[in-house]
Amino acid sequence: RCNNVQAADIVFLIDGSSSIGRANFLQVKGFMAGIVKPFASSVSESGIRFGVVQYSDTSRVEFTFNTHLTGTDVVNAVENINYKGGNTRTGAGLKYVSDNFFNPASTRDVPKVTILITDGKSQDQVQEPAQKLRSQGVNVFAVGIKSADRNELAQVSSKPSSDFTSFVGDFKLLNTLLPLVSPQVCSAAGGVYASDEAFSGPSNLQFTGQTTDSLRFRWSPAGGPVSGYAIQYVPLSGLGQPITAKLRQETVLASQRTFTARELSSGTDYLVTVIAQYPNSVGESVSAKQRTRSLPGVSSLRLVQAGFFSLSIEWDQPSSSVQGYRLTYGPRGQPATQLLEQSLSADAISITLESLQPDTEYVINLYPLFSRNGASPSVLNARTLSLEAVQQLTVETVSEGSIRVKWRRVSGARAYRLVWGPFTGRSVETVEVAGDTELYTLSSLQPDTEYIVTIIPLYEGNTEGPRATARFNIERQEQQVLRAATTGPSSIRLNWRLIRAARGYRLEWRESEGSPLQSLSFPQSSTSYELTGLRPNTEYIFQLYTLYEGREEATPVSTENREEQPIGSVSNLRVVESLGSTVRIGWTGVAGATQYRIVILNTEDGTEAIKIIPGNQTTLDLRDLTVGVSYGVSVTALVGVSEGETITVYIKPEPAAGRVTDLRVTNVNSRRIRITWQGVTRATGYRVIWRQGNRIQPQTDHPIIMQKLSVRASRGQPTAP
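Just so it is clear, the model here is predicted, and its values are computed rather than measured.

### Looking at the overall build of the protein
Right, so step 1: Scanning the protein from terminus to terminus reveals seven helices and 49 strands.
Right, so step 2: Its C-alpha atoms give the protein a radius of gyration of 50 Å, clearly above 27 Å, the size a compact globule of 721 residues would have.
Right, so step 3: Seen along its three principal axes, the alpha-carbon backbone of the protein occupies a region of about 150 × 65 × 60 Å.
Right, so step 4: Buried residues in the protein amount to 42% of all 721 residues.
Right, so step 5: Counting contacts in the protein only where the partners sit at least 6 residues apart, residues at least 24 apart contribute 62% of the total.

What follows is the structure, given as structure tokens:
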């Protein structure tokens, strides 16, 4: 004990740098408690006051003079200090104590003591702040351990330094300094140090029982006039560190030898301490660790089915009756504070987690809840399915103006969105088809134009899957013509057209039906051949095969003299539909026609345009006409190189019937925009065109997408999503 001490202010300045380590820091706290205990009975608001500052890169106040005003509270507070870590800035620590604890404006007129405990050389200057502290009437003790600089300790401590400086070479020996340092600190505080009889502390701490929420233990009594025992129990973290915020303490009589700590967490390690208490001091203590029993968790937590946006799981119920379940889940690596959570009833054995992200690994924790506690969770890792692109995307030509797109559908897609348009153009078209569709025909295409088509599978919530893209080009179909001309009594010259898409030609001929067939092959660049050595006055039948990739087309001709049949003219030439600058014309075709020639004459400026279309087409859209100007449109049927009579109709494009007004956006979400407008009287439909972005980016592989949508006209205000 430190007797006859009236009042003093004592500050511990402790090194918390990384070189000390957590295990050695416990030795430092034990040494500090040993300094405090002789003053335990004299700690009060007007008597002995203690403060603690831990320093490294910065200084941190652990508690001030007015925080703990009993000896027991001070010892407990010292034992619960958390290790800081960092560099060793002793000079800054000394200055902090001088400015904040012994400032002349606020200090008491009592003995003042600072006890520095350090294990290394300071990384800043200590002489000036130490001198300032001593000039404030503070007795400075310097305790060095292991790598501390003894010269530096002498610079810091009061004089004579031999009385105020101590050093040991190892942390384990730190407590051996107590018999030397304690009397000096007592004397500096104005007291007289007296050694009491050494009483043995409590011992043989043993655990006699544990449940999921309690620990029962016993101990052998301490020696001397024990007034009681302080029982402390605190849960330990996964790293074995006390969780001081959950520390609990109770006091029992000196005659008690057993205690049961209740309302504990299941499956948790606890540090239990029994401290002997005397009338005027705190005695020795004994500590031990024990773990509460774990509550039974769920078993066989398993994945039943994984979807693109969902995971279905199930489990077997625990052996003990549960109050319910708490389930948390989130992508792997997501912080615990951001996990989603659900509460489940006690009879639940399965659940489907929805609105998840595709192709993502999730961590699922299932906690059974009991009446007083919760068990450790069962953990399951499961991954949602990946969204797939369509497979085996192919394009095949149907006609000169249409192609058929085929693909193999993917599981889980509710629909497919097809987007297509010229590769170098801005206008695109789009359509959505059902999820069980595997082909679609694109029509109204232009030959000799490169197109791009994209198929996007649409999943739940209109989520788009990976895109599959194909490029294609419809080559203009050229009509083959074969002519035969007699060049002599025994020779015939055959002429045909050069077809750019052909790979070659094959010519077959014979004299008549049943005669032997003869054949010759020609390269793609050939356009004529003269046959010689034929029989005079004999009819020959010729057939030219134009050879394409994977197919061939036959064109016949005969040398039989027959009268040329006249070619008919088209009939019923008319305007089918007129919409502003676009006019669609139609006619009744001519049997055997291979092509039609259409001449569009502007009657005002005399300019004309000529279009050649296939013989199986009997309508044509005339675009970009000038409204209010008269045009003469002439249609002529062609059979090979022969022409029929030309038929002409005159048209005059008129302005559109009405103009849409009050166009506005009425609803927007993450996937859709709804627009509304004022309808036009007698309109039969509406064409909606939109594009993404507000300008065209230069030097891009693809143009800005523009899309068209046809909307049926209705009464009131039409809308389109």
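### Digging into the UniProt feature "domain: VWFA" (unreviewed entry) in the protein
Right, so step 1: Annotation from UniProt places "domain: VWFA" (unreviewed entry) at residues 9-181.
Right, so step 2: Counting secondary structure, residues 9-181 comes out at 34% helix and 23% strand; the distance between its end C-alpha atoms is 17 Å.

### Observations concerning the confidence of the model for the protein
Detail in the predicted coordinates should be disregarded across regions flagged by low pLDDT.
Right, so step 1: On average, residues of the protein score 85 in pLDDT, and 92% of them are at 70 or above.
Right, so step 2: Every residue in residues 695-708 scores below 50 in pLDDT, and together they form 38 contacts with partners more than four places removed in sequence or on other chains.

### Observations concerning the state of the cysteines
Right, so step 1: Enumeration over the complete set of coordinates arrives at one disulfide.
Right, so step 2: Between the sulfur of cysteine 2 and that of cysteine 186 lies a disulfide, 2.0 Å long from S to S. Across the S-S bond linking cysteine 2 and cysteine 186, the dihedral sits near 90°, which makes this disulfide right-handed. Taken together, the residues cysteine 2 in strand S1 (residues 2-3) and cysteine 186 in helix H7 (residues 178-188) connect sequence positions 184 residues apart.

### Some thoughts on the packing of helix H3 (residues 90-100) against helix H4 (residues 127-135)
Right, so step 1: The contact between H3 and H4 brings their axes to 8 Å, and the two run at 25°. It follows from the interaxial angle that H3 and H4 lie roughly parallel. For H3 against H4, the interelement crossing comes out left-handed. In this structure, H3 uses Gly91, Leu94, Lys95, Val97, Ser98 and Asp99 to contact H4, whose residues at the interface are Pro129, Ala130, Lys132 and Leu133.

### Considering the packing of aromatic side chains
Right, so step 1: In the structure shown here, the tally under the stated rule is 23 aromatic pairs.
Right, so step 2: Judged by centre distance (6.2 Å) and plane angle (40°), the ring pair of phenylalanine 217 and tryptophan 219 falls under tilted.
Right, so step 3: With a relative accessible area of 5%, tryptophan 219 lands in the buried category.
Right, so step 4: Through a chain of ring-to-ring contacts, the aromatic side chains of Phe207, Phe217, Trp219, Tyr229, Tyr233 and Phe259 assemble into a single cluster.
Right, so step 5: The ring of tyrosine 367 has arginine 326 sitting right over it, with the charged end atom 4.2 Å from the ring centre.
Right, so step 6: Directly above the aromatic system of tyrosine 545 lies the positively charged group of arginine 506, at a separation of 4.3 Å from the ring centroid.

### Let's talk about empty space enclosed by the protein
Right, so step 1: Considering all chains together, one arrives at one cavity of 30 Å³ or more under this definition.
Right, so step 2: Its boundaries defined by the atoms lining it, the largest cavity holds a volume of some 30 Å³.
Right, so step 3: Every residue along the wall of the largest cavity is listed here: Lys37, Val75, Glu79, Ile275, Val282, Gly283 and Ser285.
Right, so step 4: At the level of elements, helix H2 (71-79) and strand S15 (281-291) are the ones that each hand at least two residues to the lining of the largest cavity.

### A word on the pattern of salt bridges
Right, so step 1: In this structure the tally under the stated criterion is 30 salt bridges.
Right, so step 2: Ionic pairing is found between arginine 383 and glutamate 361, a salt bridge with its closest N-O pair at 3.8 Å. Of this pair, arginine 383 sits in strand S22 (residues 378-383) while glutamate 361 sits in strand S21 (residues 361-369); the two residues are 22 residues apart in sequence, bridging distant segments of the chain.
Right, so step 3: The salt bridge partner of arginine 597 is glutamate 643, with a shortest N-O separation of 2.9 Å. Here the residue arginine 597 occupies a position in strand S39 (residues 595-602), and glutamate 643 occupies one in strand S43 (residues 642-643), the gap between them amounting to 46 residues.
Right, so step 4: Classification of glutamate 643 by relative accessible area gives partly exposed; the value is 46%.
Right, so step 5: Several salt bridges share partner residues, and in doing so they unite Arg417, Glu432, Glu464, Arg467 and Arg671 into one network.

### Quick word on the side chain of serine 182
Right, so step 1: When you line up the elements, serine 182 lands in helix H7.
Right, so step 2: Once residues lying within four places of it in the same chain are set aside, the contact partners of serine 182 are Gly34, Ile35 and Tyr193.

### Let's talk about H7
Right, so step 1: Inspection of H7 places Leu178, Val181, Ser182, Val185, Cys186 and Ala188 among the buried residues, and these make up the whole buried set. The buried side chains of H7 occupy one side of the element, clustering within an arc of 160° when seen end-on. Turned more than 90 degrees away from the buried face of H7, the exposed residues are Pro179 and Leu180.

### Observations regarding the nonpolar core
Right, so step 1: Membership of the largest hydrophobic core comes to 43 residues, with the highest contact counts inside it found for Phe12, Phe39, Phe50, Ile115 and Ile117.
Right, so step 2: Elements that contribute at least two residues to this core include exactly strand S2 (8-15), helix H1 (22-36), strand S3 (48-55), H2, strand S5 (112-118), strand S6 (138-145) and H7.
Right, so step 3: Of all the elements, H1 adds the most residues to this core, at seven residues.
Right, so step 4: Setting aside residues no more than four positions away along its own chain, isoleucine 115 makes contact with Ile10, Val11, Phe12, Leu13, Ile35, Phe141, Val143 and Val185.

### What about the sheet that holds strand S34 (residues 528-531)?
Right, so step 1: If you trace the three strands from one edge of the open sheet to the other, you get S30-S31-S34, paired in antiparallel fashion. The sheet terminates laterally at strand S30 (482-488) and S34, the two strands that pair on one side only. For this sheet, the mean angle separating the axes of adjacent strands, direction not counted, is 20°.
Right, so step 2: The pairing of strand S31 (residues 491-496) with S34 spans four bridges and is classified as antiparallel.

### Quick word on the environment of serine 161
Right, so step 1: Counting through the fold element by element, serine 161 comes out in helix H6 (residues 161-164).
Right, so step 2: Using a relative accessible area of 26% as the deciding quantity, one classes serine 161 as partly exposed.
Right, so step 3: Placed 21 residues apart in sequence, serine 161 and valine 140 show a C-alpha to C-alpha distance of 9.5 Å.

### As for the sheet that holds strand S29 (residues 468-473)
Right, so step 1: A sheet is described by the order of its strands in space; here four strands give the open sequence S26-S25-S28-S29, paired in antiparallel fashion. Both edges of this open sheet fall to strand S26 (429-434) and S29, since each of them pairs with a single strand only. Looking at each pair of strands side by side, their axes are set apart by 20° on average, direction ignored.
Right, so step 2: Relative to S26, strand S25 (residues 415-422) runs antiparallel, the two being bridged by six bridges. Paired with tryptophan 420 across the bridge in S26 is glutamate 429.

### Comments concerning the side chain of serine 17
Right, so step 1: With respect to the helices and strands, serine 17 occurs in the loop between S2 and H1.
Right, so step 2: Ignoring sequence-local partners within four residues, the contact set of serine 17 consists of Tyr55, Ser56, Tyr83, Gly85, Gly86, Asn87, Thr88 and Asp119.

### Some points on H2
Right, so step 1: Of all the positions in H2, only Gly71, Val74, Val75, Asn76, Ala77 and Val78 are classed as buried.
Right, so step 2: On its buried face, H2 sits against H1, S3, strand S4 (59-63), strand S11 (228-235), strand S12 (248-252) and strand S14 (269-278).

### Describing unusual backbone geometry
Right, so step 1: Here the amide bond leading from lysine 159 into proline 160 is cis, since omega sits at 0°, within 30 degrees of zero.
Right, so step 2: Mapping proline 160 onto the fold places it in the loop between helix H5 (150-156) and H6.
Right, so step 3: In this structure, aspartate 359 takes a positive phi of about 50° despite not being glycine.
Right, so step 4: Note on placement: aspartate 359 falls in the loop between strand S20 (350-353) and S21.
Right, so step 5: You will see that serine 444, though not glycine, has its phi angle at about 55°, which is positive.

Thresholds, definitions, all that
- All residue numbers here refer to positions counted from 1 along the written sequence of the relevant chain.
- Residue-level local features of this predicted model are given only where pLDDT is at least 70; pairs of side-chain atoms are given and counted only at 80 or more, and the full residue set underlies all totals for whole chains, interfaces and linings.
- No hydrogens and no water enter the side-chain calculation; it runs on all heavy atoms of the structure.
- The helix count covers DSSP runs of H or I at least four residues long, the strand count covers runs of E at least two residues long, and both are numbered beginning at the N terminus.
- Radius of gyration here uses only the C-alpha atoms, and the compact-globule reference equals 2.2 Å multiplied by the residue count raised to the power 0.38.
- Relative accessible area decides the class of each residue, using a 1.4 Å probe on protein chains only: under 20% of the type maximum gives buried, over 50% gives exposed, and in between gives partly exposed.
- Note on definitions: a residue-residue contact is assigned when non-hydrogen atoms from the two residues lie within 4.5 Å.
- UniProt positions are given in the numbering used here, feature names are shortened, and annotations may be inferred rather than shown by experiment.
- Note: pLDDT gives the predictor's confidence per residue, expressed from 0 to 100.
- Disulfide: a pair of cysteine sulfur atoms within 2.5 Å of each other.
- Fitting a line to C-alpha atoms yields each axis, with helices limited to the stretch in contact; the angle taken between N-to-C directions then spans 0 to 180 degrees.
- The scheme is simple: roughly parallel for angles under 35 degrees, roughly antiparallel for over 145, roughly perpendicular for 65 to 115, oblique for anything else.
- Throughout, a crossing is termed right-handed when the near helix is turned clockwise from the far one, and left-handed when it is turned anticlockwise from it by less than a right angle.
- Here is the rule: rings of Phe, Tyr and Trp (six-membered ring for Trp) pair when centre to centre is within 6.5 Å. Planes less than 30 degrees apart are stacked, more than 60 are edge-to-face, and the remainder are tilted.
- By definition here, charges over rings are those cases where NZ of Lys or CZ of Arg is within 6 Å of the ring centre and within 35 degrees of the ring normal.
- A pocket, in this scheme, is an open set of points on a 1 Å grid over the protein atoms alone with protein on both sides within 12 Å along at least 5 of 7 lines, while a cavity is a set where a 1.4 Å probe fits but cannot get out; residues line either one if an atom lies within 4 Å of a point.
- Grid points are joined across faces, edges and corners, and a volume is the space filled by probe spheres set on the points.
- For this document, the term salt bridge refers to a Lys or Arg side-chain nitrogen within 4 Å of an Asp or Glu carboxyl oxygen.
- This arc corresponds to the set of directions leading from the helix axis out to the C-beta atoms.
- As used here, the term nonpolar core means buried Ala, Val, Leu, Ile, Met, Phe, Trp, Tyr and Cys residues forming a set that is joined through side-chain atoms within 4.5 Å.
- The rule for pairing is simple: two strands pair if DSSP sees at least two bridges between them.

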